[in-house]
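# Inside the fold
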Amino acid sequence: MAISAWLALWLRGTEVAFHLTDILSLYALGGLLAWPPSLFAARFSAHGRSVETRFAAFLLCLVAGTVGTTACLFAFDYRIFYAQWHADTGTRTWLLQFLFTSLAALYQFLVLGVRLYLPLGIVALVAVSLWLARSDVRQRR
């Protein structure tokens, strides 16, 4: 996913060299942390199904897991930055600030960050989903 983000930035001509390491680390860590739970969820939901259903389950779980995990990591980083201007921890105001800052970060990632998965990230997810759907069927035989 980090390579996908780098390629998307390079293709768009967006030189963000001063933040490039941070962006690539975020996408790499998001993909890495999303892999085990996404794989477990896909295998659980597609157990005993046809290859087409297994492919759909792997694709859905990998896409949702990767985007969701990376979005949450982005929201944590976003929250850490804006925490310096928030109220004291535990107050009602702090809770509202925490909630709305996190929701704003998730929205911002979905609008701006998902584009960095294109074109390479989606191709990689489709290829891996197809490979996993076929390999799991062969292992059961």
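Please read all numbers here as calculations on a predicted model, not as lab measurements. Sequence order sets the numbering: in each chain, residues are counted from 1 along the sequence as written. Thresholds applied to this predicted model are a pLDDT of at least 70 for local features of residues and 80 or more for the giving and counting of side-chain atom pairs; totals over whole chains, interfaces and linings are not thresholded and use all residues. Side-chain descriptors were evaluated using all non-hydrogen atoms of the structure, hydrogens and water having been removed beforehand.

## Concerning the packing of aromatic side chains
Any two aromatic rings considered together are summarised by their centre-to-centre distance and by the angle between their planes. Spelled out, the test is: In summary, the pairing rule links any two rings of Phe, Tyr or Trp, Trp by its six-membered ring, whose centres are within 6.5 Å, and it sorts them by plane angle into stacked for under 30 degrees, edge-to-face for over 60 and tilted for everything else. Every helix listed is a DSSP run of H or I at least four residues long, and every strand listed is a run of E at least two residues long, numbered separately from the N terminus.
Applying the stated criterion across every chain, the model contains 11 aromatic pairs. For the ring pair W6 and W10, a centre distance of 6.1 Å and an interplane angle of 10° mean the geometry is stacked. You can see W6 and its partner W10 sitting in helix α1 (residues 2-12), four residues apart, about one turn around the helix. Here the aromatic rings of F74 and F109 are separated by 5.8 Å at their centres, their planes lie at 40°, and the arrangement is tilted. Taken together, the residues span a long stretch of sequence, with F74 in helix α3 (residues 51-82) and F109 in helix α4 (residues 92-113) at a distance of 35 residues. Here a set of aromatic residues connected by ring pairs shows up, and it is made of Y27, F74, Y78, F81, Y82, W85, F109 and Y117.

## A closer look at the nonpolar core
Spelled out, the test is: Residues belong to one nonpolar core when they are buried, are Ala, Val, Leu, Ile, Met, Phe, Trp, Tyr or Cys, and are joined through side-chain atoms within 4.5 Å. A 1.4 Å probe rolled over the protein chains alone gives each residue an accessible area, and that area as a share of the maximum for its type sets the label: buried under 20%, exposed over 50%, partly exposed in between. The contact criterion used throughout is that any non-hydrogen atoms of two residues lie within 4.5 Å.
Counting 17 residues, the largest nonpolar core has Y27, F74, F109 and L116 as its most contacted members. Secondary structure elements with two or more residues in this core: α1, α2 (20-45), α3 and α4. Ranked by the residues each element gives to this core, the list is headed by α3, at six residues. Setting aside residues no more than four positions away along its own chain, F74 makes contact with L26, A105, Q108 and F109.

## As for the side chain of R54
Let me state the cut-off plainly: The definition of a polar contact used here is a pair of N or O atoms within 3.5 Å, where within protein one atom must be able to donate a hydrogen and the other to accept one, and adjacent residues in sequence count solely through side-chain atom pairs.
Its location among the elements puts R54 in helix α3. In this structure the side chain of R54 is engaged in a polar contact, spanning 2.7 Å, whose partner is the backbone oxygen of A46.

## Observations regarding the environment of L99
Looking at where L99 falls in the secondary structure, it is placed in helix α4. Assessed through its relative accessible area of 42%, L99 is described here as partly exposed. C-alpha of L99 to C-alpha of A64: the two residues are 35 residues apart in sequence and 21 Å apart in space.

## Description of unusual backbone geometry
Each neighbour pair has its own omega, and for L118 with P119 the value is 5°, a cis peptide bond. Structurally, the position occupied by P119 is in the loop between α4 and α5 (120-140).

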